[in-house]
Amino acid sequence: MDKKLYKLMNWPRIESIVYSEEDHPSEILGAHKVSGGILIQTYHPGAKDVYIYDKASNTEYRMELVDEEGFFAILLPQKAVKEYTYSVVYKDHTEKEIIDPYLFKTTVTKKDLERFHGGIHYEAYQKFGAHITEINGVKGTEFVVWAPNAIRVSVVGDFNHWDGRIHQMERLWDGEVFSLFVPELSDNELYKFEVKMKNGLTVLKADPFSRCQQVRPYTASITQSNSEFKWTDDKYLTEREKKNYHMMPMNILEVYLTSFGKKEDGSFMNYQEMTEPLIAKLKERGATHVEFMPVMEHPLDESLGYQVLGYYAPTSRFGTPDDFKALINSLHKEGIGVILDWVPSHFPKDACGLGYFDGTALYHCEDPRKGEQPEWGTYVFDYGRKEVSNYLIANGLYWVEEFHADGIRFDAVSSMLYLDYGRRNGEWVANIYGGNENLEAAEFIKHFNSILHKKYKGVITIAEEASAWPMVTGELNEGGLGFDFKWNSGWKNDFYEYISYDPYFRSHHHNELTFSMIYQYCENFILPFSHDDVLLDKMPGTYDEKIANLKASYVYQMTHPGKKLNFMGNDSVTEDFVKDLNALYLSEKALYEWDALPEGFEWINNIASKENILVFLRKNKTDTVLVVLNFANKKYEQYKVGVPFEGKYKEIFCSDDEAYGGKGIRNKRVKTSKKEEADTREDSITIDIAPLTAHIFKCERAATPSTKSVKKTTAKKPVSKKNLKAELELKYMQAEESIAKGSERIKE
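Residues numbered from 1 in each chain as written. Predicted model: local features only at pLDDT ≥ 70, side-chain atom pairs only at ≥ 80, totals over all residues. Heavy atoms only, no water.

*Asks:* Quick question: what am I supposed to make of helix 3 (residues 110-117) here?
*Replies:* The periodicity of an α-helix, 3.6 residues per turn, causes residues three or four places apart in sequence to face the same way. Taken residue by residue, helix 3 has Asp112, Leu113 and Phe116 as its buried positions. Projection of helix 3 onto a plane perpendicular to its axis shows the buried side chains occupying an angular sector of 90°, all on one side. Counted as exposed and oriented over 90 degrees from the buried face of helix 3: Lys110, Lys111 and Glu114. Where helix 3 is buried, its residues meet strand 10 (138-146), strand 13 (177-183) and helix 9 (386-403). Gly119 sits one or two residues past helix 3 and shows a positive phi near 80°. (Buried < 20%, exposed > 50% of the residue type's maximum accessible area, 1.4 Å probe, protein only. Helix = DSSP H or I, 4+ residues; strand = E, 2+ residues; numbered from the N terminus. Arc of directions from axis to C-beta. Contact = heavy atoms within 4.5 Å.)

If you want it as structure tokens, here you go:
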């Protein structure tokens, strides 16, 4: 070796390159100005010879082998070298032209990293991950990853034979983020990050920001070109900004694409292939929205998508990210909103995932009492770490910005909010005040809802939250969490409990039908018949009785205050019935316009526990609907029902209709009210009520007032929800006290 070149060699740093323990490779590799010229060093494991071609002088030089492992160097007697390439000859006599990746500086700025570490880089996905771009006129892919405790990070893939020695990444000035630009690397390339930990072990990790991943059981990330998809839903997005969902019908169909898109041979439809049958299903079902169970990449079908591996990647089971965009675009053109299930609550322990990403508990807490969810065998996100919070907030915003999602439904919010969720005594750590509330998780939720609603008017967030945490849908400036809607799990669980009993025993559980109205106006609720339960399996009796129970259950859901959600498989045995019921829901404004106001609901009879009957009104400013529900397996003839005013009452829906497989016990003639007291009302009608059936009547006030003396009443002006806050909280507290004391009224 030339003596002058020998003296320029930094042998300890060369050894760190050869043994792949270098986190600042650009300080050694590439071109560097030294005394006597330009020193160029490169490392190509398995190379026999390396030639460097200087474009400026149109000259090729043979480099000297400095280390037999494949480290080459040359000293060029010139002042500068701007553009050059390597011609690498390997021991198997193959040759390859390579542009030096250490010629290029990262596009990540100090401001990017300051915002990321501060938890406010809401477009972090535009910098982190793999991005096909152009630097200094050269096309390639820049890789950026957060791994503060790693000794070294390399990007590996088919393009470098998965050899972590070749593309060792540069630790940036913050000391925590690594970056490398790989020239001439384009789309559809498999890759992972090879992370060398402080204990000397190396692991292969999928890119946390990957926008595309392999179909399970494989787990590599895939480079993707910038999307060329052309959206045509501008009109829909403009109209979305003006919507007041609290006064609109919301009929959500929950869809699991792995089931919906599976063909008879076990293969899957493409996202775009699903478009036509999915839209037909949604329209037939009268759905205003579709809620996709997690489409983020997940390795296990049995998890239903709730153990996410690729938070930024729509699953490749059904095609590319642009294919998924095309599906959403088509749904928007049909006026159908898209809600995405999102899992910021926990993540799986797969070796290639977020767990111990850099050898430490980077995305979760090291202490298993806080960092693990024992019920599910998963890790819990460390919401108090700003980079983790930023990762999740940017992720939720990504699905709205890049895929035009209309809503984000948070999964398992209770597990986020409570430190003792799913844990026994001694298995959890209290917060700084000694309580079981996860204060960092609550702050993360507020932060997300604040930013999302600020950036995207008309986009909603929904909480699957099953506890009594206050003001889940409350305003942020009043101490609430800021969600638009909350699943009413209490209503669902109470009803499931009630309906599972034989009708003979239901009278002892009547309160489970009525209790939901005590707290109905404390939150903005969605009533879920979700994928968690097969509704028909909960019904007692013969098959026909199960179907009758099921139909009555659907009517109870559709007429109870709150927005609606049903799983795609729940209505398979009663499709015509569900189709007509949903059409009725969409056409009758009284069933949804005043969902959020107490004036939109009124009990007629909620104490007929022995008969298993409920009677109530749904109202808006102009219309009134009377609902009669019979959960007894018994027919009632000439049953007297109190009505709100003198007038005519026309049955507009009956779940026992022969068209739905019933016996046809209906009230076909319009009922005219009589001045006969019933249910504390001055007017009443008599009707026939079929067993296990729901009857719905449209109420029409009499055109001419009765000549008899009737006490005049003045309709109250609807009170805003905000003004009712204190009153509702008081009512809720009184109800709780009443239950605790064993109130006979509640027990009825």
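Picking up where we left off.
*Asks:* What exactly am I supposed to notice about the packing of helix 6 (residues 271-285) against helix 7 (residues 321-333) here?
*Replies:* Put simply, helix 6 and helix 7 touch, their axes get as near as 9 Å, and they point 25° apart. Taken as axis vectors, helix 6 and helix 7 run roughly parallel relative to one another. Between helix 6 and helix 7 the crossing geometry is right-handed. In contact with Tyr271, Gln272, Thr275, Leu278, Ile279 and Leu282 of helix 6, helix 7 contributes Asp323, Phe324, Ala326, Leu327, Ser330 and Leu331. Tallied by class, the residues present in the contact of helix 6 with helix 7 amount to 8 nonpolar, 3 polar and 1 charged. (Axes fitted to C-alpha atoms, helices over the stretch in contact; angles between N-to-C directions. Parallel < 35°, antiparallel > 145°, perpendicular 65-115°, else oblique. Left-handed = near helix turned anticlockwise from the far one by under 90°. Nonpolar A, V, L, I, M, F, W, Y, C, P; charged D, E, K, R; others polar.)

*Asks:* Can you walk me through the sheet that holds strand 24 (residues 407-410) in this structure?
*Replies:* By definition, the strands of a sheet pair up through backbone hydrogen bonds, in either a parallel or an antiparallel sense. Taken together, 8 strands build a closed barrel; the order of strands is 17-18-21-24-25-26-27-28 and the barrel is parallel. Across the sheet, the mean angle separating the axes of adjacent strands is 25° when strand polarity is ignored. Against the sheet, helix 11 (residues 439-455) touches strand 21 (337-342), strand 24 and strand 25 (460-463), its axis set at about 155° to strand 25. (Pairing = 2+ DSSP bridges.)

*Asks:* Sorry, what's going on with unusual backbone geometry here?
*Replies:* Leaving glycine out, the prevailing phi sign among residues is negative, and the prevailing peptide bond configuration is trans. For the peptide bond that leads from Arg216 to Pro217, omega is 10°, which places it in the cis range. Structurally, Pro217 is set in the loop between strand 15 (202-205) and strand 16 (221-222). Phi angles above zero are rare outside glycine, and Trp162 is one such case at about 55°. Given the relative accessible area of 31%, Trp162 is considered partly exposed. At Asn612, a residue that is not glycine, the phi angle is positive and equals roughly 60°. Mapped onto the elements, Asn612 comes out in the loop between strand 29 (601-608) and strand 30 (613-619).

*Asks:* Help me out: how do you make sense of the packing of aromatic side chains in this one?
*Replies:* The geometry of an aromatic ring pair is captured by the separation of the ring centres together with the interplanar angle, meaning the angle of the planes. Under the definition given, this model contains 62 aromatic pairs. Where Phe268 meets Phe318, the ring centres are 5.3 Å apart and the plane angle is 85°; that geometry is what we call edge-to-face. One end of the pair, Phe268, is in the loop between helix 5 (257-260) and helix 6; the other, Phe318, is in the loop between strand 20 (310-314) and helix 7, with 50 residues separating them in the sequence. In terms of burial, Phe268 and Phe318 fall into one category: buried. Seen from their ring centres, Tyr271 and Phe318 are 5.4 Å apart, and the 75° between their planes marks the pair as edge-to-face. Of this pair, Tyr271 sits in helix 6 while Phe318 sits in the loop between strand 20 and helix 7; the two residues are 47 residues apart in sequence, bridging distant segments of the chain. Phe318 shares its class with Tyr271; the two are buried. The cationic tip of Lys325 hangs over the ring face of Phe403; the distance from NZ or CZ to the ring centre is 5.3 Å. The ring of Tyr379 has Lys349 sitting right over it, with the charged end atom 5.1 Å from the ring centre. (Phe/Tyr/Trp six-rings, centres within 6.5 Å; stacked < 30°, edge-to-face > 60°. Lys NZ or Arg CZ within 6 Å of the ring centre and 35° of its normal.)

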